[in-house]
Amino acid sequence: MPGEVDKTDLYDRMENFMNDLRKDERLGSCEVARRTVDLLRRLISQTKWTSVQDLMDQVWEAGKQLMGADPSESRVGNMVRRVLKIIREEFVSGLREDGGIEADGAEAPLDSLSVDYTQPCPNLKATVIESIGELLQEIDGSAENIAQQALEHIHADETIMTFGGSKTVEAFLKNAGRKRKFHVICTEGDPQFGGQTLAKNLAAADINVTLVPNSHVFAMMARVNKVIIGTHTILAEGGLKAPCGIFNMALAAKEHKVPVFVCASTYKLSPEQFRSEVQEGFQKYVDPNVFYPLEEFAGIEGVEFGNVVYEHIDPEYIHLFIFNTGTNAPSYVYRLVKELYHPDDLDLNV
Amino acid sequence: MAQTADKEEVVGYYNSIKEDNPDMSPPLAALKALVRFLESNKMVTISEFNDRLDRCIAALSESESKHSSIHAGCQLFLRFITLTNMQFADFERCRQNMIHRANHWVNKMANARQTIARLAEPFISHGTIVLTHSYSRVVMEAFKEAVSKGKMFKVYVTESQPNKSGYRTAEELKKLGLPVTVILDSAVGYKMEEIALVVVGAEHLVNSGGILNKIGTFNIAMAAKMYNKPFYVMAESLKYLDIFPIEQSDIPAAIKYKIPDYPEDKEGDTEDRHPLIDYTPPKYINRLISDIGVLPPGAIVDEMLSLYH
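All figures in this text were calculated on a predicted structure; none of them were measured in a lab.

Peer 1: Give a description of the overall build of chain A that names residues and reports values.
Peer 2: What chain A contains, in helices and strands, is eleven helices and ten strands. For a compact globule of 350 residues, the expected C-alpha radius of gyration is about 20 Å, and chain A comes in at 22 Å, within 12% of that figure. A principal-axis box enclosing the C-alpha atoms of chain A has dimensions of 65 × 55 × 35 Å. Burial statistics for chain A: of 350 residues in total, 51% are counted as buried. Restricting the contact set of chain A to residue pairs at least 6 apart, pairs at least 24 apart contribute 78%. Accessible surface for chain A amounts to roughly 16,600 Å². Of this, 49% is attributable to carbon and sulfur atoms.

Peer 1: Quick rundown of unusual backbone geometry? Include the residues and the values.
Peer 2: Residue B:P162 is bonded to the preceding B:Q161 through a cis peptide linkage, with omega at 5°. If you trace the backbone, B:P162 turns up in the loop between β2 (154-158) and α8 (166-176). Of note, the phi angle at A:K257 is positive, near 55°, even though the residue is not glycine. Examined against the element boundaries, A:K257 turns out to sit in the loop between α10 (246-255) and β7 (260-263). Classification of A:K257 by relative accessible area gives exposed; the value is 72%. Even without a glycine there, the phi angle at B:N228 is positive, about 60°. On the secondary structure map, B:N228 appears in the loop between α10 (217-226) and β7 (231-234).

Peer 1: Account for the sheet that holds strand β5 (residues 233-234) of chain A, with residues named and values stated.
Peer 2: Strand pairing within a sheet occurs via backbone hydrogen bonds; the two strands may be parallel or antiparallel. Residues and elements named next belong to chain A. Across the sheet, which stays open at both edges, the three strands sit in the order β5-β6-β8 with antiparallel pairing between neighbours. At either margin of the open sheet sits one strand with a lone partner, and together these are β5 and β8 (310-313). In this structure, β5 lies alongside strand β6 (residues 240-243), joined through two bridges in antiparallel fashion. Its bridge partner lying in β6, T233 is registered against K241. The strands that α10 touches are β6 and β8; relative to β8, the one it contacts most, it runs at about 30°.

Peer 1: Describe the domain arrangement of chain A, listing the residues and the values that go with them.
Peer 2: Residues and elements named next belong to chain A. Partitioning chain A into structural domains gives domain 1 (8-142) and domain 2 (148-340). Computed over C-alpha atoms, the centres of domain 1 and domain 2 are 29 Å apart. Of the residues lining the interface, 19 residues belong to domain 1; the matching set on domain 2 comes to 20 residues. Our count for the contact surface shared by domain 1 and domain 2 stands at one salt bridge. Residues D70 and K284 are paired through a salt bridge, measuring 3.2 Å at the closest nitrogen-oxygen approach. Scanning the region where domain 1 abuts domain 2 turns up ten residue pairs in polar contact (both at pLDDT 80 or more). Mapped onto the side of domain 1 that touches domain 2, the elements with two or more residues apiece are α2 (29-46), α4 (74-98) and α5 (124-147). Ranked by the residues each element gives to the side of domain 1 that touches domain 2, the list is headed by α4, at seven residues.

Peer 1: How would you explain α8(B) if you had to name every residue and give the values?
Peer 2: Residue and element names in this part refer to chain B. When we look at burial in α8, the residues that qualify are G166, T169, A170 and L173. Mapping the buried residues of α8 onto a view down its axis gives an arc of 100°, with all of them on the same face. Opposite its buried face, α8 presents the exposed residues E171 and K175, each directed more than 90 degrees away. Looking at the packing, one finds that the buried side of α8 touches β1 (129-132), α7 (137-148), β2 and β3 (180-183). Directly beyond the C-terminal end of α8, a positive phi value near 90° is found at G177.

Peer 1: Lay out the sheet that holds strand β8 (residues 240-241) of chain B with the relevant residues and their values.
Peer 2: Residue and element names in this part refer to chain B. Spatial ordering of the open sheet is given by β8-β5-β6-β9, a layout of four strands whose pairing is mixed. Each edge of the open sheet carries a strand with a single partner, namely β8 and β9 (277-280). Bridging between strand β6 (residues 211-214) and β9 involves four bridges; their strand directions are antiparallel. Bridge pairing links N213 to D278 in β9. Lying over the sheet, α10 contacts β6 and β9, oriented at roughly 30° with respect to β9.

Peer 1: How would you summarise the domain arrangement of chain B if you had to cite specific residues and measurements?
Peer 2: Residues and elements named next belong to chain B. The domain boundaries assigned to chain B delineate domain 1 (2-110) and domain 2 (113-308). Taking only C-alpha atoms into account, the centre of domain 1 sits 28 Å from that of domain 2. For the pair domain 1 and domain 2, the summed buried surface comes to about 1,600 Å²; carbon and sulfur atoms form 60% of the total. Our count for the contact surface shared by domain 1 and domain 2 stands at zero salt bridges. Inspection of the region where domain 1 meets domain 2 yields zero residue pairs in polar contact (both at pLDDT 80 or more). Broken down by secondary-structure element, the contributors of at least two residues to the side of domain 1 that touches domain 2 are α2 (26-40), α4 (68-81) and α5 (91-110).

Peer 1: So what's going on with the packing of helix α1 (residues 8-23) of chain A against helix α3 (residues 52-69) of chain A? Residues and values would help.
Peer 2: Residues and elements named next belong to chain A. Closest axis-to-axis distance for the α1/α3 pair is 8 Å, and the angle between their directions is 30°. Here α1 is positioned roughly parallel relative to α3, judged by the angle of their axes. Contacts between α1 and α3 pair M14, F17, M18, L21 and R22 from the former with A62, Q65, L66 and A69 from the latter. Partitioned by chemical class, the residues of the contact of α1 with α3 number seven nonpolar, one polar and one charged.

Peer 1: Kindly report on the side chain of B:S165, identifying the contributing residues and their values.
Peer 2: Residues and elements named next belong to chain B. Of note, S165 is situated in the loop between β2 and α8. Given a relative accessible area of 12%, S165 falls into the buried group. Separated by 2.8 Å, the side chains of S165 and S134 make a polar contact. Every residue in contact with S165, bar those within four places of it in the chain, is listed here: S134, Y135, E159, S160 and K214.

Peer 1: Now, about the side chain of B:D278: what can you tell me, with residues and values included?
Peer 2: All names here are of chain B. Turning to its location among the elements, D278 is positioned in strand β9. Among the polar contacts listed, one links the side chain of D278 to the backbone nitrogen of G216, at a separation of 2.9 Å. Apart from residues lying up to four places away in sequence, D278 is in contact with I211, L212, N213, K214, I215, G216, T217, F218, Q248 and I251.

The rules behind these values
Residues numbered from 1 in each chain as written. Chains lettered and ligands numbered in written order. Predicted model: local features only at pLDDT ≥ 70, side-chain atom pairs only at ≥ 80, totals over all residues. Heavy atoms only, no water. Helix = DSSP H or I, 4+ residues; strand = E, 2+ residues; numbered from the N terminus. Rg over C-alpha atoms; globule rule 2.2 N^0.38 Å. Buried < 20%, exposed > 50% of the residue type's maximum accessible area, 1.4 Å probe, protein only. Contact = heavy atoms within 4.5 Å. Areas by Shrake-Rupley, 256 points an atom, 1.4 Å probe, with all protein chains shown as cover. Pairing = 2+ DSSP bridges. Axes fitted to C-alpha atoms, helices over the stretch in contact; angles between N-to-C directions. Domains from an automatic or database assignment. Salt bridge = Lys/Arg side-chain N within 4 Å of Asp/Glu carboxyl O. Polar contact = N/O pair within 3.5 Å; in protein donor to acceptor, adjacent residues only side chain to side chain. Arc of directions from axis to C-beta. Buried area = accessible area lost by both parts, 1.4 Å probe. Parallel < 35°, antiparallel > 145°, perpendicular 65-115°, else oblique. Nonpolar A, V, L, I, M, F, W, Y, C, P; charged D, E, K, R; others polar.

Below, the structure written as C-alpha cells:
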C-alpha cells in the first residue's frame, strides 16, 4: 500500500521483547515497563489510523500480544493501559480546546458522559507521543523518586528488615544511609538469593548489615522496628503479588506489631483484583533445578519438585506504600488505580 | 389543588411503570417516574422546581414506605441532576439540560445490576461453595452470569427468617441447575468451615462503609471473619444512604422494622418490636461490588460524598 511505513523493524522488536519475557524471569521490572512503553510509542508513530478508536484498537491488539507472552507479567498490561489512557486524555483535551465538547461542570464519578472516539482529531499524534515521553521519564526516575523519601521513613539507630534483592529497596536504604546510621537485616530471599547481593552492596555503602536465611524471619522480628520490602505487583484492592516468602515475613511482622512498608513504582500498580490463588498470573512455576540439583535426586521416585514464584499478601498486612508519586495507605490504592487507568480499558484480557 | 395534583401525577407514573415492569427495583421505578414528571411539567423558577420535586419525592416515599431505598435513591437523583451548571438565564434550558442528565443517569442505573453481575462473575470460581443470605436480585443476577459462563458451584442459602426469603433464592437457583441447600439461620457457624466465599446483597450502603441488610447478615459476617472467609457485598450505588451508624440502635426506625413481603408489627413498644434489618460494620466486609467498580468498603462513601458535598 502506498504511504504504508515498513513495520518489520517494529515486529522484530516486539518479537524480541516477547522472547525475553518468555525465557528470562530476571528481567528488571523497570526494563519491562520501559520496553513496553517504548514499543507502543514506536507503534503509534509508525501507524496510520482513521479514528482514535482505530488507534486504540491497534494499541490494544499489540498490547494483547505482548501480554500473552507471560500472563504473570502484569507490568506489561499496566503500561498498555497507561498508554491507552494517555490517548483518551489527549483526545478529550484536544476536543475541549477545539470546543467540540461542552465542558461539564462537575466531574462526578457517576457523571462520565460518554465520549465519541470515532471523531477525527488532527494533532493527536504529536501530543500523544509527547505524553508518552513524559511517562517514560516517570518510569526512569521512579526508583530515585522513591529513594528520595527514605529519610522520612528511616530514623537513626533503627533496625530494618528486608526481603531478597529489590533494586528499589536497595536505592531507598542507600539514600537513607548517606545521612543516618541504622541496621539492616537482609533475608536471603531464596531461591534467587538476591538478599546476598543486597547485603554486599549495602555493606559497600557503609551500612550495618546482618544476613540471615528466610527461616530466621520470625526469630529476628522481635528486634526489628520496621519491615521495608519491594514487590512484583500491587493489586487494585491494595494487596500484593510478591515473591514467595514475603507473606511469612508479613505474618511475623503482624505478630510482633512491626509496620510493613512497601516500596514500589506506580507501574507495578495493577487494576486487577485478587480473587483466588488459582487466578491467572498467580500460578507461575519455574525450574526447580536452582535449589534442587536434580542429578542428586536421580533414581529417587515418587518425589515431585515445585518452585512457585508468587504469593498473595492481603492489604491488612501492609501499613504503607511508598510510591514514586507519594506515600499512601493500602485503602487508598483503588483511587490511584482509578486515576491511572480508564474503566473501559480494564478487561483487556477478554 | 396543585399540590395534590403533583402528588397524584407522580404516584400514577410510578404505579404504571411498576405495572409494566414488575421486576424493576422500586427506587429505579421511582426515578423513572420523576423523570417523566420533569418531562411533562413546565416550570418557571428554580425554587418552583425544588418545591415540586421535593413534594413528588415525599409522595413517592410515602406511598411506598416499605421501600426505604426509594427516598435515598430520589435524594441522590436530585443531587445528581442539579449538579449541572445553572448559568442559563432562562430556566427552560436548565430544565432541558437536567432532563438530559436525568435520562442519562437513570439509564445507567437501569443497567447497574448487569454491570455488577459482570464485575462479580470472576469472583465466583468453578467448583466453589458459596453462602448467601436471604433473597437479593443483584446476587441472583451474578449467579446467573456465572452459570452462563459455564461455571458450576454449590450454594448454601440461609432460610432467612422471618419471611423465609431464602426459599425463593433456592427455588430460582434450582431452576438455574445449581446444587443448592437451604440451611437454618443458626447453622451458619456450622457450615462456615466448608464455605469458600460469602456473597450478600444490601438494602443500604452507609457512610461508615458498612451495610444495612436483612437481619442475620451481621451474624454471617462475623462467622466469616472468624474463619477468614471472604465476605463480598453486591449493591447498586443507588442504595447509598447518608447516615453514619455507630451501633445497631442507630439504624433509623423507618428502616429497621420493614422488609418487603412481610407485615410490619405495629403493636407494642419500639423496645419490644423485633428488628428486621441489621448493620454490618465495614471491617467485616472484604469487597464491595457496585456499579461504580469493585471497591474496598470505605470507598463507596468517597464516591458518594463527592456528589453530596
